[in-house]
Amino acid sequence: MKKILVTGGLGFIGSHTVVELQNEGFDVVIIDNLSNSKIEVLDNIKEITGTKPDLFQIDLRVKKDVVDFFSNNTIDGIIHFAAFKAVGESVQNPLDYYENNIGSLVHILQEMRDRNIDNFIFSSSCTVYGQADELPITENAPIKHALSPYGNTKQIGEEVIIDTCKANNLNAISLRYFNPIGAHDTTKIGELPIGIPQNLIPYITQTAAGIREQLSIFGNDYNTPDGTAIRDYIHVVDLAKAHIAALKRLIQKENKTNFEFFNVGTGKGSSVLEIVKAFEVATNQKLNYKIADRREGDIAAAYADTTLANSELKWKTEKTIEQALQSAWKWQKKQKS
Ligand code: WQD
């Protein structure tokens, strides 16, 4: 049984990916420093799959701890989620983001190089494209100057991986996520935003739950059909399954180059107002919202061309946006307010 390290495995996307890895028969070990996740997620994963992954509470910025981990654990593949990911926060504290997101990545890659660990999946983001010139966004779209240090760490991260794979004949796949939403059907794992949610869906569900007074829709003067910004919202379970498909591609040596990257979305764009309406219909909850000013750094529209991921990863989304919104609402209702 292949042993897969999942860094950030107690996080939102990480925990859903751990469940899918275990469902596929992989032996999973997690590194997580709990800076943006909760320890009870470990037991929640066990409740779903029956297997509690080993957890190492390590800070990947501490090289000695990373070396010790790899000295004591034989790893066949790595899925690297561990990173800070709040766009706004990254503007306030850029050095924290470069130290953590790039520093941690370098420590992991050094172990891959030194121990010839060959299968690496990197958690990237459609943020690397900025506001793309053409929609839907293909993998050929140019990488634009990052609008935030967070986005820049994803761009730099990919460059560091490309150079490392080339120099050491290693193989990696970068998955460029669009907007992950929803929760596991069992409602045992889901998104756990700490403090005021930055992202749209948790803010919507907390407003519907009465935790937040009112949703502010950031701008209705974009050049889109209803004036509100468009994104590609993908169910987190579909996104998790894309990681399994990418990992299998590397293990089976089906990759065509040392470094491949794929856009992971549904291929469908939805505006903020469309999401609000879809949420109200899917959950029979009336949402209290107002139109507010645009949010600094937001782009007007982004949604994926999924042709490459569909064909090369033999993966496609299976869940609808309604199912994703319903699962997010079911998850919210389970949370203590
Ligand atoms: C979606 C839309 C907002 C909140 C970011 C990162 C991306 C990924 C996902 C990490 C936008 C609008 C939001 C609110 C609103 N993060 N909105 N009111 O900004 O597309 O992507 O999060 O991997 O890398 O860039 O996601 O959910 O913040 O916003 O109107 O209270 O909802 O303006 O149009 P975003 P988001």
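Our subject is the structure that appears above.
Residues numbered from 1 in each chain as written. Predicted model: local features only at pLDDT ≥ 70, side-chain atom pairs only at ≥ 80, totals over all residues. Heavy atoms only, no water.

S.K.: Help me understand the packing of helix H5 (residues 94-115) against helix H6 (residues 149-168), please; the structure alone is not making it clear to me.
M.R.: A pair of packed helices can be characterised by two numbers: the angle between their axes and the separation between those axes. The contact between H5 and H6 brings their axes to 10 Å, and the two run at 20°. When the axis of H5 is compared with that of H6, the two are roughly parallel. Our pair here, H5 against H6, has a crossing hand that is right-handed. Counted together, Pro94, Tyr97, Tyr98, Asn101, Ile102, Leu105, Val106, Leu109 and Arg113 of H5 and Pro149, Tyr150, Asn152, Thr153, Ile156, Gly157, Val160, Ile161, Thr164 and Asn168 of H6 form the full contact between these two elements. Looking at the contact of H5 with H6 residue by residue, the classes come out as twelve nonpolar, six polar and one charged. (Axes fitted to C-alpha atoms, helices over the stretch in contact; angles between N-to-C directions. Helix = DSSP H or I, 4+ residues; strand = E, 2+ residues; numbered from the N terminus. Parallel < 35°, antiparallel > 145°, perpendicular 65-115°, else oblique. Left-handed = near helix turned anticlockwise from the far one by under 90°. Contact = heavy atoms within 4.5 Å. Nonpolar A, V, L, I, M, F, W, Y, C, P; charged D, E, K, R; others polar.)

S.K.: Where do I start with H5 in this structure?
M.R.: Each α-helix winds once per 3.6 residues, and so residues spaced three or four apart point in a common direction. Between its first and last C-alpha atoms H5 spans 31 Å; for 22 residues at 1.5 Å apiece the expected length is 32 Å, and the two agree. By the burial criterion, the buried members of H5 are Tyr97, Asn100, Asn101, Ile102, Ser104, Leu105, His107, Ile108, Leu109, Glu111 and Met112. Close packing links the buried residues of H5 with strand S1 (3-7), helix H3 (63-72), strand S4 (77-80), helix H4 (87-92), strand S5 (119-125) and H6. The positive-phi residue at the C-terminal boundary of H5 is Asn116, with phi of around 50°. (Expected span 1.5 Å × (residues − 1). Buried < 20%, exposed > 50% of the residue type's maximum accessible area, 1.4 Å probe, protein only.)

S.K.: What am I meant to see in the pattern of salt bridges here?
M.R.: Once their charged atoms are close, side chains differing in charge can pair, the charge on each being opposite to the other. By the definition in use, this model includes 20 salt bridges. Ionic pairing is found between Glu254 and Lys314, a salt bridge with its closest N-O pair at 3.9 Å. Taken together, the residues Glu254 in the loop between helix H8 (236-251) and strand S11 (259-264) and Lys314 in the loop between helix H10 (307-312) and helix H11 (321-334) connect sequence positions 60 residues apart. Among the salt bridges present, the one from Arg295 reaches Asp298, with a minimum N-O distance of 3.1 Å. Of the residues examined, Arg295 reaches a relative accessible area of 35% and is grouped as partly exposed. Several salt bridges converge on common partners, so that one network encompasses Arg249, Lys256, Glu260 and Glu312. (Salt bridge = Lys/Arg side-chain N within 4 Å of Asp/Glu carboxyl O.)

S.K.: In this structure, what is going on with the site of the ligand? I would like to understand it.
M.R.: In the vicinity of the ligand lie 19 residues, with Tyr150, Leu200, Ser216, Arg231 and Asp298 positioned nearest. Arg295 has a polar side-chain atom sitting 2.9 Å from an oxygen atom of the ligand. One nitrogen or oxygen atom from the side chain of Asp298 is found 2.5 Å from an oxygen atom belonging to the ligand. Those elements giving two or more residues to the shell around the ligand turn out to be helix H7 (200-208) and strand S8 (215-218). When residues of the shell around the ligand are assigned to their parent elements, the largest contribution, four residues, is made by S8. Residues that form the shell around the ligand fall into these classes: ten nonpolar, six polar and three charged. (Near = heavy atom within 4 Å. Polar contact = N/O pair within 3.5 Å; in protein donor to acceptor, adjacent residues only side chain to side chain.)

S.K.: How should I be thinking about unusual backbone geometry in this particular structure?
M.R.: Most peptide bonds take the trans configuration, and most residues that are not glycine carry a negative phi. The peptide bond linking Leu135 to Pro136 adopts the cis configuration, its omega dihedral lying at -5°. Tracing the chain through its elements places Pro136 in the loop between S5 and H6. Positive phi, normally seen in glycine, also occurs at Thr187, with a value near 50°. Its place among the elements puts Thr187 in the loop between strand S7 (179-181) and H7. The class for Thr187 is buried, based on a relative accessible area of 10%. With phi around 50°, Lys314 is a residue other than glycine that occupies positive phi space. What makes Lys314 exposed here is its relative accessible area of 63%.

S.K.: What should I look at first to understand H11 in this one?
M.R.: When the terminal C-alpha atoms of H11 are compared, their 20 Å separation across 14 residues agrees well with the 20 Å that a helix rising 1.5 Å per residue should span. Every buried residue of H11 is listed here: Ile321, Ala324, Leu325, Ser327, Ala328, Trp329, Trp331 and Gln332. Tucked inside the fold, the buried residues of H11 contact S7, H7, strand S10 (233-235), strand S12 (270-271) and helix H9 (272-283).

S.K.: Help me understand the pairing of S4, please; the structure alone is not making it clear to me.
M.R.: Consecutive residues of a regular strand have side chains that alternate between opposite faces of the sheet. Of the two faces of S4, both are covered, the one formed by Gly77 and Ile79 as well as the one formed by Ile78 and His80. Note that S1 and S4 share four bridges and pair parallel. Bridge assignment links Val6 to a residue of S4, and that residue is Ile79. Alignment of S4 against S5, held across three bridges, turns out to be parallel. (Pairing = 2+ DSSP bridges.)

S.K.: Explain the nonpolar core here, please?
M.R.: When a protein is soluble and globular, its nonpolar side chains tend to lie buried together. The biggest cluster of nonpolar side chains holds 36 residues, and the ones touching the most others in it are Leu21, Ile45, Ile121, Leu175, Leu313 and Trp315. For this core, the secondary structure elements donating two or more residues are S1, helix H1 (12-23), strand S2 (27-31), helix H2 (40-49), strand S6 (171-177), H8 and S11. Broken down by element, the residue count for this core peaks at nine residues, all from H8. Discounting chain neighbours no more than four positions away, the residues touching Trp315 are Ile234, Asp238, Lys241, Ala242, Ala245, Val264, Gly265, Ala309 and Asn310. If you look at the next biggest cluster of nonpolar residues, it comprises 22 residues, including Leu60, Ile75, Phe122 and Phe259. (Core = buried A, V, L, I, M, F, W, Y, C linked by side-chain atoms within 4.5 Å.)

S.K.: Looking at this model, I keep getting lost on the packing of aromatic side chains. Mind explaining?
M.R.: How two aromatic rings sit relative to each other is set out by the distance from centre to centre and by the angle between their planes. Counted according to the given criterion, the structure contains five aromatic pairs. Note on Phe56 and Phe69: the rings are 5.0 Å apart at their centroids and 80° apart in plane angle, and the pair reads as edge-to-face. Remark: Phe69 occurs in helix H3 and Phe56 occurs in strand S3 (residues 54-56); sequence separation between them is 13 residues. One aromatic cluster is present, built from ring pairs that chain together Phe56, Phe69 and Phe70. (Phe/Tyr/Trp six-rings, centres within 6.5 Å; stacked < 30°, edge-to-face > 60°.)

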